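# Coordinate analysis (summary)
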Amino acid sequence: MIPVMTPQRRGILVTLAAFGLTFLVGLGFVLAAGMSASPTSGPRDDGNGNPTLVSVSGDLDDGPTGAWNAAKAYWDLPGDHLTPFPIYEIATQGSTAVTTDGVFNFKVEVPWYDNEANPVRPGKHFISVCATRPSSTSGTASCVVHVFAVVKGTANLSKASGRQGSPLSISGKGWVPEPVDEAIRITWAPAGANIDMIGDVFGPSTWTRTFNVPNLPAGNYPIRICNVSNFDGSCSESVVKQFTITSPIFTLSKASGPTGSPFDYSGDTFFPGRPVKIWFGPAGEVPGDPLVHEIGPGGASTNADGHFGKFTYAPTEGPGDYTVTVCTLSARGPCNSFDIAQKPYTVTAPATPSPTPKPTASPTNSPSPTPKPTASPTPAPTASPAPTATPSSAPTISPSPMPTASPTATASPTLTPTPTPSLAPTVAPVSAPPTAAPTATPDETPEPTVAPTAEATAPPPSPTPAAVISWPEHLHSPGQTSGGGGLDLGTLGGMSLLALLIAFLVPFPGTLFNKTVEANYAEIMGWVGGARQRWNSFLDKLAIGPLRPVRRW
């Protein structure tokens, strides 16, 4: 069954055809004339005076096939970089032959000079490859171009800081090649001066030079490396590196102390193998002043690493602010102006010894009064076994003594018989509430009585009620009013009308497109047929050489 070509299907086919046409046009541009290069950036030589090689390959023309003359390479052609001039031609390596399809593949040498005999400088440059056809009467060449970037030379320091006179090495890579014979200058450029350190250096693009740090005050200094023009002596391709001249290190074990209290001192990174002098004197005074005297040991000197000490000094001066000065001596005798260090030191007043305290008799505390017994829930004493009553004598019961607070406090209860014998011991503590007296018959032992103690108890805390969240206060159902009431008919009606409007407008663009295609179908197919014929003719011309099997497929 053959499917019916509905307007919707015809619209889909037209859309797919448009996408396919766009893709094929893009493919045609990809297969059009062009060139690639590898690498796309680099130095002018390999570090040993050999030029850098760049591999170039590409297609000169997508027109009809035919013979080509050998290709030529050019450096920085002016204008559109597609008009060859002999003065811009550069050397090549390998076969520069061009196939009948316009394809080439060979290597070019990055030049050292441009067409005006100036050294090629870092930056963006253009490599052009051009060729002509033997059958061409006009001699017009077909050219393709690619960009190559010459990188700037680099420089590195062997160290970033050091003392005056210490060795420093600088190494460079990627500078103007040796055959150009252009000088490399290294200068030390402090503020307000331009001190040439080693002059002009002729050599390959990779080099290393070693020199000594100049005798300049401690601080940060720029070192400039550049190529010097053979025409006007100006610097080009400059690179600036930072170097710090450091000061000697002088250390005291402490910054202050009383008269006669010793301190230690030592030094590091001074000039090596030099005699050392150390002075002590009032702040603001310099060696040579009568108040400044030498404290260092005789014959002291720095070792091969510039270290000396540690030495010790105990100041005899009175309290005040002083300065400790150290320097190494130059070959002529005085202090080296770049090898001096100072540290402040404060002599404090000696501590005043506190007097020895005399022993004093400790006061004797008067005896504290004997504590009075207090009533406590201690069981009352237990009476001795009941006596036997006789007509002629009064029995006496001696109960066990009660515990007392002191040995002097005693209780002597007395039992007096009556016609009905009873036991009534009496305990009379001073300033204590009376306790219940035990009663006993002659044949029984009185039971101890303990006074109950009442404790106040706090009422239990009342629990805090947990917060209850009412869910309808936070969320509402669709169409429900903000106050949480019933459904809002106005809101529901508005949403329904909006849904109907969207349902009506969604299919409108597709229907309009299908109706337009259906009404103009014959004319559109005529356009497509003409374009298809022209495209097939174009592909037939394009599919030459290795592309013919692809075209047939």
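Our structure is the block above this text.
These figures come from a predicted structure and were not determined experimentally.

Reading across the sheet, the three strands line up as E9-E11-E14 and stay open at both edges, with antiparallel pairing between neighbours. At either margin of the open sheet sits one strand with a lone partner, and together these are strand E9 (154-157) and strand E14 (207-212). The average undirected angle you get between the axes of adjacent strands in this sheet is 20°. Relative to strand E11 (residues 167-173), E9 runs antiparallel, the two sharing four bridges.

Taken together, Leu-498, Leu-501, Ile-502, Phe-504, Leu-505 and Val-506 make up a surface patch of nonpolar side chains, about 620 Å² in accessible area. Position of Phe-504 among the secondary structure elements: in helix H2 (residues 489-505).

Let us now look at the pairing of strand E1 (residues 34-38). Burial of E1 is one-sided: the residues Met-35 and Ala-37 facing one way are buried, the residues Gly-34, Ser-36 and Ser-38 facing the other way are not. Bridge analysis of E1 against strand E3 (residues 53-59) gives five bridges, and the strand direction is antiparallel. Looking at the pairing, Ser-38 lines up with Ser-55 of E3.

A separate point is the side chain of Ser-229. With respect to the helices, strands and loops of the structure, Ser-229 is situated in the loop between strand E15 (219-228) and strand E16 (235-245). With residues near it in sequence (within four places) discarded, Ser-229 still touches Glu-182 and Ser-234.

The next point concerns the packing of aromatic side chains. For the structure shown, the criterion picks out 19 aromatic pairs. For the pair Trp-188 and Phe-243, a centre-to-centre distance of 5.4 Å together with 70° between the ring planes defines the contact as edge-to-face. Taken as a pair, Trp-188 in strand E12 (residues 183-188) and Phe-243 in strand E16 lie far apart in primary sequence, 55 residues in all. With respect to class, Trp-188 is no different from Phe-243; both count as buried. Pairing Trp-535 with Phe-538 gives two aromatic rings, centres 5.4 Å apart and planes at 35°, and the pair type is tilted. Remark: Phe-538 and Trp-535 occur in helix H4 (residues 521-542); sequence separation between them is three residues, near one turn of the helix. Given the relative accessible area of 18%, Trp-535 is considered buried. One aromatic cluster is present, formed by Phe-250, Phe-263, Tyr-265, Phe-270, Phe-280, Phe-308, Phe-311, Tyr-313, Tyr-322 and Tyr-345 through successive ring pairs.

Before going further, it helps to examine the pattern of salt bridges. For the structure on display, the rule yields six salt bridges. The residue Glu-182 makes a salt bridge to Arg-121 at a minimum N-O spacing of 2.9 Å. Linking Glu-182 in the loop between E11 and E12 with Arg-121 in the loop between strand E6 (103-109) and strand E7 (123-131), this pair joins segments that are 61 residues apart in sequence. The closest approach of N and O atoms between Arg-163 and Asp-339, which form a salt bridge, is 3.1 Å. Residue Arg-163 is found in the loop between strand E10 (161-162) and E11, and its partner Asp-339 is found in strand E24 (residues 335-348); the two are separated by 176 residues along the sequence. Several salt bridges converge on common partners, so that one network encompasses Arg-44, Arg-121, Glu-182 and Glu-237.

A word on unusual backbone geometry. Cis geometry marks the peptide bond from Ser-38 to Pro-39; its omega dihedral reads 0°. Mapped onto the secondary structure, Pro-39 falls in the loop between E1 and strand E2 (41-42). In this structure, the amide linkage connecting Gly-309 to the following residue, Lys-310, adopts the cis form with an omega of 10°. Phi angles above zero are rare outside glycine, and Asp-76 is one such case at about 55°. Take Asp-76: it is sitting in the loop between strand E4 (72-75) and strand E5 (92-93). By relative accessible area, which is 23% here, Asp-76 ends up partly exposed. Even without being a glycine, Glu-237 presents a positive backbone phi close to 55°. By the secondary structure assignment, Glu-237 is in strand E16.

Here the focus is the nonpolar core. Side chains that are nonpolar tend, in soluble globular proteins, to be buried together. Counting 22 residues, the largest nonpolar core has Val-54, Val-56, Trp-75, Phe-104, Phe-106, Val-108 and Val-129 as its most contacted members. Elements supplying a minimum of two residues to this core: E1, E3, E4, E6, E7 and strand E8 (142-150). In this structure, Val-108 is in contact with Thr-52, Leu-53, Val-54, Val-56, Ala-73, Ile-90, Ala-91, Thr-92 and Ile-127, ignoring residues within four places of it in sequence.

Rules of the game
Residues numbered from 1 in each chain as written. Predicted model: local features only at pLDDT ≥ 70, side-chain atom pairs only at ≥ 80, totals over all residues. Heavy atoms only, no water. Pairing = 2+ DSSP bridges. Helix = DSSP H or I, 4+ residues; strand = E, 2+ residues; numbered from the N terminus. Axes fitted to C-alpha atoms, helices over the stretch in contact; angles between N-to-C directions. Patch = residues over 30% accessible without salt bridge, like charges linked within 9 Å, V, L, I, M, F, W, Y side chains within 5 Å. Areas by Shrake-Rupley, 256 points an atom, 1.4 Å probe, with all protein chains shown as cover. Salt bridge = Lys/Arg side-chain N within 4 Å of Asp/Glu carboxyl O. Buried < 20%, exposed > 50% of the residue type's maximum accessible area, 1.4 Å probe, protein only. Contact = heavy atoms within 4.5 Å. Phe/Tyr/Trp six-rings, centres within 6.5 Å; stacked < 30°, edge-to-face > 60°. Core = buried A, V, L, I, M, F, W, Y, C linked by side-chain atoms within 4.5 Å.

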